[in-house]
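# What the coordinates show
So the chains spell out like this:
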Amino acid sequence: MKAIVSLNSGSSSIKFSLFTLDAEGTLHLSAGGKIERIGIAPSLRARSSDGKTILERDWPGGAALSHADLLRDLFAWATDHPLEGQEVVAIGHRVVHGGTEYAAPRRVDAPLLDKLEALCPLAPLHQPHNLAAIRAIAALAPDLLQVACFDTAFHHDKPAVASRLALPRAFHDQGIRRYGFHGLSYEYIARRLGEIDPALAAGRVIAAHLGNGASLCAMRAGKSVDTTMGFTALDGLMMGTRCGSIDPGVVLHLQTQLGMSATEVETLFYRESGLLGVSGISSDMRTLTASAAPQAAEAIDLFTWRAAREVAALTASLGGLDALVFTAGIGENSAEVRSRICARLDWLGVTIDEIANAGDALRIGMPDSPVAVHVIPTDEERMIALHTLHVLEGTL
Ligand code: ADP
């Protein structure tokens, strides 16, 4: 049976999923896993789709091992333990940046890799790790089809007004513009909503991807028309450790008055701010909602206030709102956060059924709420596998 692997290679982790392809061309999740704590003490756990552990490995003292070293080990293990009857025919990768050029997934070849490499300065914390994984696999299995799936692609055709920063034109022309990210998640949500309620999916929808990274996407008829992340994945909402939108004057002040270097500002904004920075306790929403500390309450209050404010802003981009969809770790699991965001949007017609919200319901809006409210689990890995399948079919 043919199988497709989807790979999401981040700064300190590599997530992977294996999907098999049945005779009808439908993908079925067969196994998934994660290598974590890369650069510290890497460990690997993989489970089959029925929850059984199929691989556990630790590399104590492996702080110096690179993404490529770890992928090589994983590849060697997979070659020694062929999954019964399953033949990997392609690997799809999450690639954070497709720049101005790529509006759809692409088969990887040397010229594409060179172009993606040139985009590394636009996403220095993510893109190099994505590309390292592609290069590592290419060295191990040169004939295996690899497909790059871009987080920016879903937003590629949004209106020009939602892409431009108010800077002199020359900056826009050299690529300093609003791209938007989390595109694979939003594309999946648009498809799922289309299956659940096609009429709603054809309307004006805001999807709230609230995880460690968080953003919103305004969609009309399943296409992105605006989003809260911009030039980088730092813009927009408050996140686990990222500050989100911030007065650019703060950056100037930190550098000119406090003497902070660019690297120190980068660390502050990406790793020390957001829920972690405001609470001083944790970047993890579960920890904060369980905490009695006033700083935790303040961090949650700021998170939900910012999210509601941005929903209202994107509603203006859409010219109204038919549905709000929550997804990702916080959006799917925290009834409290959903409730607090919706309470601030009551005036907009977002009214939820608190009993449905506290349970496992997928539709949490009141039956007479002018705006439908849904919870839809995202599945970026499946979206990557689907794209990879489409590229594969096109090349067969
Ligand atoms: P990533 O962006 O790393 O993929 P996730 O989508 O997994 O992140 O989201 C992680 C966030 O989801 C964390 O803040 C975590 O606390 C939060 N989360 C997960 N489960 C719950 C829960 N039951 N209640 C509140 N927050 C949760």
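Residues numbered from 1 in each chain as written. Predicted model: local features only at pLDDT ≥ 70, side-chain atom pairs only at ≥ 80, totals over all residues. Heavy atoms only, no water.

### A look at the pairing of strand β2 (residues 14-21)
Rule in force here: Only protein chains enter the calculation, and the probe is 1.4 Å; a residue is then buried if its accessible area is under 20% of its type maximum, exposed if over 50%, and partly exposed in between. For the purposes of this entry, the term helix denotes a DSSP run of H or I that reaches at least four residues, the term strand denotes a run of E that reaches at least two, and both are numbered from the N terminus. Here a strand pair is declared whenever DSSP counts at least two bridges between the two strands.
Burial runs high along β2: 7 of the 8 residues are buried. Here 7 bridges tie strand β1 (residues 2-9) to β2, and the two strands are oriented antiparallel to one another. Bridge pairing in β2 links Ser 6 to Ser 17. In this antiparallel pair of consecutive strands, β1 and β2, the connection spans 4 residues. Pairing analysis gives 8 bridges linking β2 to strand β3 (residues 27-36), with the strands arranged antiparallel. In the strand pairing of β3, Ser 17 is matched with Gly 32. Connecting β2 to the antiparallel partner β3 that follows it, the hairpin turn spans 5 residues, and Gly 25 within it adopts a positive phi of roughly 85°.

### A few points about the UniProt feature "site: Transition state stabilizer" (unreviewed entry) in the protein
Here is the rule: UniProt positions are given in the numbering used here, feature names are shortened, and annotations may be inferred rather than shown by experiment. For each structure, a 1 Å grid was placed over the protein atoms alone; sets of points admitting a 1.4 Å probe that cannot get out are labelled cavities, open sets with protein on both sides within 12 Å along at least five of seven lines are labelled pockets, and lining residues have an atom within 4 Å of a point. Only heavy atoms matter for contacts: two residues are in contact if any of them lie within 4.5 Å across the pair. For this analysis, a polar contact is any N or O atom pair within 3.5 Å, provided that within protein one partner can donate a hydrogen and the other can accept it, and provided that sequence-adjacent residues contribute only side-chain to side-chain pairs.
Under the present numbering, the feature "site: Transition state stabilizer" (unreviewed entry) in UniProt falls on His 182 and Arg 242. Considering only the residues just annotated, the largest pocket is lined by His 182 and Arg 242. The topology assignment puts His 182 in the loop between α4 (169-173) and α5 (183-196). The contact partners of His 182, leaving out residues within four places of it in the chain, are Arg 94, Asp 151, His 209, Gly 213, Ala 214, Ser 215 and Met 229. Looking at the secondary structure, you find Arg 242 in the loop between β11 (223-227) and α7 (248-256). When its relative accessible area of 16% is taken as the criterion, Arg 242 is described as buried. If we ignore the near neighbours within four places in the chain, the residues touching Arg 242 are Gly 213, Met 229, Ala 233, Leu 234, Phe 269, Tyr 270, Ser 273 and Gly 274. Polar side-chain contacts of Arg 242 include one of 2.8 Å to the backbone oxygen of Ala 233.

### So, the site of the ligand
Counted only if it meets this: Only a single heavy atom is needed: when it lies within 4 Å of a molecule or strand, its residue is near that molecule or strand. Working definition of accessibility: Shrake-Rupley area with a 1.4 Å probe, residue cover restricted to the visible protein chains. Each molecule is assigned to a cavity or pocket provided more than half of its atoms lie within 2 Å of the corresponding grid points. Gly is put with the polar residues, along with every residue not named as nonpolar or charged; the nonpolar set is Ala, Val, Leu, Ile, Met, Phe, Trp, Tyr, Cys and Pro, and the charged set is Asp, Glu, Lys and Arg.
Around the ligand lies a shell of 13 residues, among which Asn 212, Asp 284, Met 285, Arg 286 and Gly 329 are the nearest. Gly 213 is positioned such that a nitrogen or oxygen atom in its backbone is 3.4 Å from an oxygen atom of the ligand. Taking Asp 284, its side chain carries an N or O atom lying 2.4 Å from an oxygen atom of the ligand. Considered on its own, the ligand offers 580 Å² of accessible surface; in the complex 71% of this is hidden by protein. Here the ligand is seated within the largest pocket. Among the secondary structure elements, those contributing two or more residues to the shell around the ligand are α10 (285-289) and α12 (328-333). It is α12 that contributes the most residues to the shell around the ligand, 4 residues altogether. Residues that form the shell around the ligand fall into these classes: 3 nonpolar, 7 polar and 3 charged.

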